[in-house]
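Reading the structure
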Amino acid sequence: MDTEAVRSFVRAAELGQLRHAADELGVTQQAVSKRIAALERTLGVRLFTRTARGVGLTLDGQAFLPHARNVVAHADRAVAAIRRGSRALRIDVLGLRSAQAVVLHDYWRSHPETALDVVTLKVDDPRLAVAAVRAGDVDASFRSVTDPAALPHELRMIHAFHSPLELVVGPGHPLASARAVTPAQLRGHRIWVPGIAPGSEWADFYDQLTTAFDLRVDAAGPNFGNEVLLDILADSDDVATLVGSRDRYVWPTGHDLRRIPIARPTLAYPLSLILPRENPHPGLRAVITHFASLAPLPEDIWLPSWATAPHGGDGGRGHAPR
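Residues numbered from 1 in each chain as written. Predicted model: local features only at pLDDT ≥ 70, side-chain atom pairs only at ≥ 80, totals over all residues. Heavy atoms only, no water.

What follows is about the packing of aromatic side chains. All chains considered together, the criterion is met by 10 aromatic pairs. Seen in terms of ring centroids, F142 and F161 are 6.3 Å apart; in terms of plane orientation they differ by 65°. Their pairing is edge-to-face. Taken together, the positions of F142 in the loop between β5 (140-141) and β6 (155-169) and F161 in strand β6 put the pair 19 residues apart, joining distant regions of the chain. Looking at F142, the relative accessible area reads 1%, which means it is buried. Taking the centre distance of 5.6 Å and the plane angle of 65° together, the rings of F205 and W302 count as edge-to-face. Separated by 97 residues along the polypeptide, F205 in helix α7 (residues 201-213) and W302 in strand β12 (residues 301-302) bring together distant segments of the chain. Taken as a pair, F205 and W302 share a single burial class, namely buried. (Phe/Tyr/Trp six-rings, centres within 6.5 Å; stacked < 30°, edge-to-face > 60°. Helix = DSSP H or I, 4+ residues; strand = E, 2+ residues; numbered from the N terminus. Buried < 20%, exposed > 50% of the residue type's maximum accessible area, 1.4 Å probe, protein only.)

Written out as structure tokens, the structure is:
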């Protein structure tokens, strides 16, 4: 199927006149008319009827239009895949306060000339993020596919950086005065992490974490957002939560919340980047190099089994889940 004929059909359908479609496409009206006539012969149906104002869609044309738009969109993405340097680098992060966004912001501050578009797909299923990278909707996604067999061959997952976890508690919590805590000291305490979506990478992470250290991680109840979670922690003497050390949180001064490092071992969340195996956006190379420049973590760290290997520094050998 001639994609330019499909494009001509879409623009004519949206503008209602062949002449306007021709002007926008930079060709003659006769060329647009011939393209559409050839497309109708290929499909074996009439797509347009003549009207006093220009052209209108037949029932077949109405049925074909949404599919034709998809054809044009996929063709445009295919062209963009080999011209990635001409547009902004588009990276998906889990949230704009997340460690991924913080590190990307640090990179952009030192490279303000970089055309960078940071987005949040707002999907819990890693397969949807993989599909977005595969389709070219984003150039890379900060997601992890815990089963390597589920990653399409044309994509790859590389290590970005490890995010050490911190315990967040209110002033009345028994651990509030600690300067650091060990995983063993967390046993028996309620660690509330609302919003653990089944099938997500973080669900797998917390499953392995609780098994490895006999911890009580509670995901019960609706997730009303970080602000409500922090409000609850401020008033509680028995609830804690876990956050990444680079995650950005803001709370009222009166909350007097404490962020406490976890050590011996450091519990680290492995952050990976999913990107095309062939012809990735040229701007990704410098971003990945920036990840390698981040301060290394202690050698004594715990990582889940699916953590990808660092590319030269950033965090030690790691413990296998036990």
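After presenting the structure, the write-up continues.
This brings us to the packing of helix α1 (residues 3-15) against helix α3 (residues 29-43). Closest axis-to-axis distance for the α1/α3 pair is 8 Å, and the angle between their directions is 110°. Put simply, α1 runs roughly perpendicular to α3. Residues E4, A5, V6, S8, F9 and A12 of α1 touch α3, and the partners they reach there are V32, R35, I36 and L39. Across the contact of α1 with α3, the residue classes break down as seven nonpolar, one polar and two charged. (Axes fitted to C-alpha atoms, helices over the stretch in contact; angles between N-to-C directions. Parallel < 35°, antiparallel > 145°, perpendicular 65-115°, else oblique. Contact = heavy atoms within 4.5 Å. Nonpolar A, V, L, I, M, F, W, Y, C, P; charged D, E, K, R; others polar.)

Quick look at the nonpolar core now. Within soluble globular proteins, side chains that are nonpolar tend to cluster in buried spots. Formed by 45 residues in total, the largest nonpolar core has its most connected members in F142, F161, L167 and L209. Secondary structure elements with two or more residues in this core: β3 (89-92), α5 (99-110), β6, α7, β9 (239-244), β11 (266-276) and α9 (284-292). (Core = buried A, V, L, I, M, F, W, Y, C linked by side-chain atoms within 4.5 Å.)

In this section: a nonpolar patch on the surface. Residues F224, V228 and I232 make up a contiguous nonpolar surface patch of roughly 280 Å² in combined accessible area. Residue placement: V228 occurs in helix α8 (residues 226-235). (Patch = residues over 30% accessible without salt bridge, like charges linked within 9 Å, V, L, I, M, F, W, Y side chains within 5 Å. Areas by Shrake-Rupley, 256 points an atom, 1.4 Å probe, with all protein chains shown as cover. Salt bridge = Lys/Arg side-chain N within 4 Å of Asp/Glu carboxyl O.)

Here we take up the side chain of D92. In this structure, D92 sits in strand β3. Given a relative accessible area of 0%, D92 falls into the buried group. Within the structure, the side chain of D92 is placed 2.6 Å from the side chain of S141, a separation counted as a polar contact. Other than its neighbours up to four places away in sequence, D92 contacts V119, T120, L121, A129, V138, A140, S141, F142 and R143. (Polar contact = N/O pair within 3.5 Å; in protein donor to acceptor, adjacent residues only side chain to side chain.)

On the secondary structure map, R216 appears in strand β8 (residues 216-218). R216 gets classed as partly exposed once you look at its relative accessible area, which sits at 46%. Along the backbone, R216 and A31 are 185 residues apart, and their C-alpha atoms lie at a distance of 68 Å. Beyond its immediate stretch of four places on either side in the chain, R216 contacts H189, R190 and I191.

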